[in-house]
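# Residue-level structural notes
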Amino acid sequence: MARTDFEYIVLGLGGIGSAAAYWLSRRFKDAVLGLEQFELGHVRGESQDHSRIIRLSYHRPDYVEFAKLAYRAWAQVEEDAGEQLVLVTGGLDLGPRKSAIPLEGYMDAMQACDVSFEHLDAATIMRRWPQFRIDDTIHGVYQERSGIAMAARANAAHQRMARQHGATLRERSGVTDIRTVEGEFEVLAGETPYRCRKLVIAAGPWTNEALAHFGMHLPLEVTKEQVTYFASSDVDVFAPGRFPVWIWMDDPSFYGMPVFGERGPKAAQDAGGKPVDPDTRSFEPDEDNLARLTAFLERYIPSMLGPAIYTKTCLYTLTPDRDFVIDSIAGHPNAVVAIGAGHAFKFSSVIGKTLAELVADGKTEAGISGFGLRRPILREANPQKTYMV
Ligand SMILES: Cc1cc2nc3c(=O)[nH]c(=O)nc-3n(C[C@H](O)[C@H](O)[C@H](O)COP(=O)(O)OP(=O)(O)OC[C@H]3O[C@@H](n4cnc5c(N)ncnc54)[C@H](O)[C@@H]3O)c2cc1C
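Residues numbered from 1 in each chain as written. Predicted model: local features only at pLDDT ≥ 70, side-chain atom pairs only at ≥ 80, totals over all residues. Heavy atoms only, no water.

## Considering the sheet that holds strand β4 (residues 86-88)
Reading across from one edge, β3-β8-β4 is the order of the three strands in this open sheet, with antiparallel pairing throughout. Strands with a single pairing partner mark the edges of an open sheet, and in this sheet they are β3 (52-54) and β4. With direction set aside, neighbouring strand axes in the sheet form an average angle of 30°. Of the strand pairs in this sheet, β4 and strand β8 (residues 147-149) are connected by three bridges, and their pairing is antiparallel. The residue bridging Leu87 from the neighbouring strand is Ile148, located in β8. (Pairing = 2+ DSSP bridges. Helix = DSSP H or I, 4+ residues; strand = E, 2+ residues; numbered from the N terminus. Axes fitted to C-alpha atoms, helices over the stretch in contact; angles between N-to-C directions.)

## Observations regarding the packing of aromatic side chains
Under the defined criterion, the tally for this structure stands at 23 aromatic pairs. Consider the rings of Phe185 and Phe214, whose centres lie 6.0 Å apart with planes at 70°: the pair is edge-to-face. With Phe185 in strand β11 (residues 184-189) and Phe214 in the loop between α6 (207-212) and β13 (221-230), the pair connects residues that are 29 residues apart, well separated along the chain. A relative accessible area of 0% places Phe185 in the buried class. The class for Phe214 is buried, based on a relative accessible area of 14%. Taken together, the aromatic side chains of Tyr58, Tyr63, Phe66, Phe324, Phe347 and Phe371 make up a single cluster linked through ring pairs. Positioned above the aromatic ring of Phe38, the side-chain terminus of Arg44 is 4.0 Å from the ring centre. In this structure, Lys353 packs its charged tip against the face of Trp23, placed 5.4 Å from the ring centre. (Phe/Tyr/Trp six-rings, centres within 6.5 Å; stacked < 30°, edge-to-face > 60°. Buried < 20%, exposed > 50% of the residue type's maximum accessible area, 1.4 Å probe, protein only. Lys NZ or Arg CZ within 6 Å of the ring centre and 35° of its normal.)

## Here's the deal with the packing of helix α1 (residues 15-28) against helix α5 (residues 151-164)
In the contact formed by α1 and α5, the axes pass within 8 Å of each other and the chain directions differ by 30°. Classified by the angle between their axes, α1 and α5 sit roughly parallel to one another. Once α1 is placed against α5, the crossing between them reads as left-handed. Contact residues: α1 offers Gly15, Ser18, Ala19, Ala21, Tyr22, Trp23 and Ser25, while α5 offers Asn155, His158, Gln159, Met161 and Ala162. The residue makeup of the contact of α1 with α5, split by class, is six nonpolar, six polar and no charged. (Parallel < 35°, antiparallel > 145°, perpendicular 65-115°, else oblique. Left-handed = near helix turned anticlockwise from the far one by under 90°. Contact = heavy atoms within 4.5 Å. Nonpolar A, V, L, I, M, F, W, Y, C, P; charged D, E, K, R; others polar.)

## Digging into the site of the ligand
With respect to spatial proximity, 34 residues lie near the ligand, and among them Glu36, His42, Ser47, Cys314 and Lys346 are the closest. A distance of 2.9 Å is found between an oxygen atom of the ligand and a side-chain nitrogen or oxygen belonging to Gln37. The fraction of the free accessible surface of the ligand (1000 Å²) that becomes covered by protein chains is 96%. Secondary-structure elements contributing two or more residues to the shell around the ligand are α1, β3 and β18 (308-318). A per-element tally of the shell around the ligand places β18 first, with three residues. Both domains that meet at the shell around the ligand, namely domain 1 (5-47 + 152-219 + 321-379) and domain 2 (80-148 + 221-316), each give it at least three residues. (Near = heavy atom within 4 Å. Polar contact = N/O pair within 3.5 Å; in protein donor to acceptor, adjacent residues only side chain to side chain. Areas by Shrake-Rupley, 256 points an atom, 1.4 Å probe, with all protein chains shown as cover. Domains from an automatic or database assignment.)

## Quick word on the pattern of salt bridges
This structure, assessed with the given rule, holds 24 salt bridges. Glu184 is the partner of Arg197 in a salt bridge, and the nearest nitrogen-oxygen pair spans 3.3 Å. Of this pair, Arg197 sits in strand β12 (residues 192-201) while Glu184 sits in strand β11; the two residues are 13 residues apart in sequence, bridging distant segments of the chain. Connected through salt bridges with shared partners, the residues Asp5, Glu7, Glu182, Glu184, Glu186, Arg195 and Arg197 form a single ionic network. (Salt bridge = Lys/Arg side-chain N within 4 Å of Asp/Glu carboxyl O.)

## Description of the pairing of β11
Pairing analysis gives six bridges linking strand β10 (residues 175-181) to β11, with the strands arranged antiparallel. Each bridged residue has a counterpart across the sheet, and for Val181 the counterpart in β11 is Glu184. If you look at the hairpin formed by β10 and β11, you'll find two residues sitting between the two strands, and Glu182 has a positive phi there, around 50°. Here β11 pairs with β12 via five bridges, running antiparallel. Bridge pairing in β12 links Leu188 to Pro193. Two successive antiparallel strands, β11 and β12, enclose a turn made up of two residues, where Gly190 displays a positive phi of approximately 60°.

## Regarding the domain arrangement of the protein chain
Partitioning the protein chain into domains gives domain 1 (5-47 + 152-219 + 321-379) and domain 2 (80-148 + 221-316). Across the contact, 17 residues belong to domain 1 and 17 residues belong to domain 2. Of all residues in domain 1, Arg153, Pro205 and Arg322 give up the largest surface area on contact with domain 2, accounting jointly for 28% of the area buried on that side. Across the domain 1-domain 2 interface, the total number found is three salt bridges. Between Arg322 and Asp270 there is a salt bridge whose closest N-O contact spans 2.8 Å. Applying the counting criterion to the domain 1 and domain 2 interface returns ten residue pairs in polar contact (both at pLDDT 80 or more). Among the elements of the structure, α1 and α5 are those that each provide at least two residues to the side of domain 1 that touches domain 2. Counting residues per element, the side of domain 1 that touches domain 2 draws most heavily on α5, at five residues. Among the residues forming the side of domain 1 that touches domain 2, the class breakdown is eight nonpolar, three polar and six charged. (Buried area = accessible area lost by both parts, 1.4 Å probe.)

Below, the structure written as structure tokens:
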């Protein structure tokens, strides 16, 4: 009979849960079970596709410091797995001098954390990257360590290495009930009742369903987002080394990356999607969203446009303030939860490591006080939403 008693259970094996299972298994070997409702590598959540932006450039010092730890965590996984998971391309945040996402906050936060950057005017940006067509109302911040976290490959590496360290990962094992029994947890997945002492919840768009077993409901919004790969006619000018990852810092906000994974660069609108139910949502691209992206590229990066190779949908799980949740559940120090708020892939390994520390040791060195589950806005039924940060 298959084993059902474990010290640790990780609920959900997307980007963050796979990382948590990996970091737990490095310390606790076969005491770790990961449960995933679909197959590993499925595309119904938040973490698939070839690439995600990784950057030190953030609007607050706590995020910048956490991003430093993110790079360190990825380097440790790369060493353990024997493969590259982060590609440094350099990154450009750019936008109007008066914008919804002021660059000044980013520069201040990086300065406070001793992260070097260059503040560039439009002429310098176009000299370095002639792909951009901007006037001198636009400025930008370049940070040389920004790049691509190789999402699908990184998830597979976390999963493979977790198994190698002794963890059990079970697919098609959706958790339908969690009960507290004498301070431990009974976790029902399909017909199988599991038992554990410590629980990590990394359920992405299904977080509220998981938290309902603890009598909790958070004001989260799950949206259907999309990215498009373009068959640009001169694809070589969008190769890593010739073109950076970039973010347009205004509302609406757009972003993109050099060629990676497909034969063309990728671009998207950030938080441009509509709210959906993760169980009933479609996988059809939103034509209006693609039209907004195309109009933006026509104006500012026209040579990127070409026939769409494909548009791929994906979900965000947004907290109202767009800050992460990384915390234990009130009254249950042996149960921890993380929510990525639509920008966590770059941090997924370090979030997994932090969850492992919290649940195993009750503490972490990482500065996560801004990511608490008990912050007032998460108790409001209809909080004001601030997605442009
Ligand atoms: C289009 C797009 C672009 C993005 N770009 C970036 C970027 O450039 N940089 C960046 O840092 N981040 C980016 N993000 C955000 C980032 O990808 C997510 O924040 C991150 O992947 C969240 O991972 P997760 O593990 O929380 O969620 P998921 O990957 O969705 O994982 C949750 C898992 O839990 C499983 N699960 C849920 N409930 C149960 C249950 N009851 N039983 C068993 N299993 C369960 C689900 O099936 C799923 O596999 C982007 C996201 C999208 C959609």
